[in-house]
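Coordinate analysis (summary)
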Amino acid sequence: MNPKQFGFKEQTSTVNALNQALKDIQSARQDKKLVIAVSMDIQGAFNNAWWPKLLQRLQLVECPQNIYKLITNYLNDRTVTLNYADSSASKTMTRGCIQGSVCGPSFWNIILDELFERELPSGCKLQAYADDVLLICTAKDLSQLERNTNTALEIITAWGESAKLTFGPTKTQMIGFTPTARKACITHRGIRLQFKTDIKLLGIIIDQRLTFTKHVDYTICKALKIYRSLCKFVRPTWGVHSQNISTIYQQVIQPIITYAAGIWGDAIKFKKVKRSLLSLQRGFAVKIIRGFRTVSTIAAISLARLTPLDLKVHEVCVTERAKLSECSPYLPSNIKLQKPTPPAKLPHPAVRQGIKFSSAYTEQDIDRLCPSDGTKIFTDGSKLEDGKVGAAYVIVKPNQTLITYKLKLHNSCTVFQAELLAIERAVRWATESSNTERATVLSDSHSALQELANMHTTNSLAVMTHNHLRLHPGCVEFVWVKAHAGLEGNETADEAAKSAASSQRAPDFSRFPISHVKRGIQEINQRLNNDRYITASTGALTRNWLPNLDNIIQLFAQVEYSFHLTQILTGHGYHRQYLHRFKIAETDKCNCDPNAVQDILHLLKDCPRFIRQRVQHMAICQYLKVKPFEISDLLKRESTIKSFIELCKYIVNNLKEYNST
């Protein structure tokens, strides 16, 4: 399979395709070259995949005869029949990727791969994602750019005709990334192509300056359509449950916005982009907390417990770029990502085989499952509180001789990696040892053994273990043992793993997992988010109740969002201070005292209209020794926070009637 095709392949995505295209474009711009990109559309691509071309390609790539004959038989004698008005018409099929077929996408790739083998003029590069073909042309001067691009398009068109595929010029898009390049005269099938200020490629709007601000506007408009539809079913006092709105935001809106953020994520440096993202998020946050639409952005997003959208975009951007570069922004460049094993390096599916393992809870179980004349190998991995990681395997020979091997891992590694590394080294020792005929590997990591039980795993350590076992079948068995159950061999391996973690030796394994990057950026975003909340110029009343984001998390871990509680926490509600501010009420003074402003605190603490409910709440708090109007203290007892919410609910429900008298 040609590496220029990114679609219908394992471990590749649209992000990989877009990243490669942008690398070529940016590299040309840095070299002061003219550069244009032509996005080409194949008319009815999958319906017109010509089967004779597929079979020809299979012969050229020396497809094994059994597979070739199977595919030939699969395509033979296929007809399509139309029944209408007591009549029918049939036609023999000679083209098309069979709808719903598993191998259809692979057939398409085999056909299109021939295009990538065509020799293009210097400075021209071709790539595709499924049927989306992209041509990037670079040159030192305008005449060379025109000549190279037109020649490349002729070659592509000629190939299309040989494969009975048509590249439609009317849907072909072209964009120039340098001012001079946009003066080029480029023709396709006799029609002059017009330069556009931006093109849509794999769901991303790419503009001439590569700022991606138009893409942000596009995704926001897309999300706003969903928001407007949602507004029909949600009001502060009725409608879709807050949890459902949160789910819609997390599972629908956020993925729409953050799609391919590794490509366009730098756009959040623009203030306009940041404001637009937060404005979109604010609408959903207000619906989640059931607040008034005048609630400040910082208060709404914080109370809804959402990560600010610009920070979320940055989080996805950092994670995707770590996958692309195989480097972590928090580690030296020589520490690389543990990537999945490429499909080409996996064994043939017919010879793949996962392990089977038994379970042991006691020493008697171990003795029953392990042959008396066999070798036991206990494995374990450990991560200390200071972040250090170690692994070990302890070999117990039939004569009870102990051999301990310790392994140190880089601090960025996980316990899961440590467990798999210990098992891999133990299996390697067992399969390479000339004195060992039968061995049993005993591990307390159920997740590691389950990974090894998956015959299609791409985890590099698990694949290495499978390779050892395939070369020496039947010589190693596996047992899961219960951790911290006082099993002697397991406890010895646990101590050895902890000792390896705290040792000063160089790491035996230095591949970080992608979870390390995710955890690092999430911790940074949590601090930035909390700092924003604390230092914001708006949302002061909310901060008085809940000084930091941890307080918000604690509160809504115990209570649900409600229209009444949100009014109290935000200060946006039915009280006269708020209504007078928006010229709805003539005065901001309370009925109980012409000099007292009717704000939230006055209603809760002072207004005699609600004295009976207030006294009841304060009596409960006094009995339980809890401060009646400090939420962090009220949360210590379920009855006190419940009493406070009942007080808030009573005040809000009766406030309109009170103010009308």
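One can find the structure itself at the top, above this paragraph.
In this report, the structure presented in the accompanying data block is examined.

Basis of the calculations
- Residues numbered from 1 in each chain as written.
- Predicted model: local features only at pLDDT ≥ 70, side-chain atom pairs only at ≥ 80, totals over all residues.
- Heavy atoms only, no water.
- Helix = DSSP H or I, 4+ residues; strand = E, 2+ residues; numbered from the N terminus.
- Polar contact = N/O pair within 3.5 Å; in protein donor to acceptor, adjacent residues only side chain to side chain.
- Contact = heavy atoms within 4.5 Å.
- Axes fitted to C-alpha atoms, helices over the stretch in contact; angles between N-to-C directions.
- Parallel < 35°, antiparallel > 145°, perpendicular 65-115°, else oblique.
- Left-handed = near helix turned anticlockwise from the far one by under 90°.
- Nonpolar A, V, L, I, M, F, W, Y, C, P; charged D, E, K, R; others polar.
- Phe/Tyr/Trp six-rings, centres within 6.5 Å; stacked < 30°, edge-to-face > 60°.
- Buried < 20%, exposed > 50% of the residue type's maximum accessible area, 1.4 Å probe, protein only.
- Lys NZ or Arg CZ within 6 Å of the ring centre and 35° of its normal.

Time to look at the side chain of Thr-457. Its place among the elements puts Thr-457 in the loop between helix H14 (446-453) and helix H15 (460-471). A polar atom in the side chain of Thr-457 sits 2.5 Å from the side chain of Glu-451. Setting aside anything within four residues of it in sequence, one finds Thr-457 in contact with Leu-346, Glu-451, Ala-462, Val-463 and His-466.

With their axes 10 Å apart at the nearest point, helix H6 (residues 213-231) and helix H9 (residues 271-289) run at an angle of 15° to one another. Taken together, the axis directions place H6 and H9 in an arrangement best described as roughly parallel. For the element pair H6 and H9, the recorded crossing hand is left-handed. In this structure, H6 uses Thr-213, Val-216, Ile-220, Ala-223, Leu-224, Tyr-227, Leu-230 and Cys-231 to contact H9, whose residues at the interface are Val-273, Ser-276, Leu-277, Leu-280, Gly-283, Phe-284 and Lys-287.

The geometry of helix H13 (residues 415-432) relative to H15 is characterised by a closest axis approach of 9 Å and an angle of 15° between their N-to-C directions. Our classification of the angle between H13 and H15 gives roughly parallel. Relative to H15, H13 is oriented so that their crossing is left-handed. Taking contact as the criterion, the partners of Gln-417, Leu-420, Leu-421, Glu-424, Val-427, Arg-428 and Thr-431 in H13 are, on H15, Leu-461, Met-464, Thr-465, His-468 and Leu-469. For the contact of H13 with H15, a count of residues per class yields six nonpolar, four polar and two charged.

Let us now look at the packing of aromatic side chains. Per the stated rule, a full pass over the model turns up 16 aromatic pairs. Judged by centre distance (5.6 Å) and plane angle (65°), the rings of Phe-563 and Tyr-574 are edge-to-face. Here Phe-563 is found in helix H20 (residues 563-570), whereas its partner Tyr-574 is found in the loop between H20 and helix H21 (576-581), with 11 residues between them in sequence. Arranged with centres 6.2 Å apart and planes meeting at 85°, the rings of Phe-610 and Tyr-650 form a pair that is edge-to-face. Linking Phe-610 in the loop between helix H22 (600-605) and helix H23 (611-623) with Tyr-650 in helix H25 (residues 638-660), this pair joins segments that are 40 residues apart in sequence. Its relative accessible area of 0% is what places Phe-610 among the buried residues. Grouped by ring-pair contacts, the aromatic residues Phe-292, Phe-563, Tyr-574, Tyr-578 and Phe-582 constitute a single cluster. Over the face of the ring belonging to Trp-50 we find Lys-164, whose NZ or CZ atom lies 4.8 Å from the ring centre.

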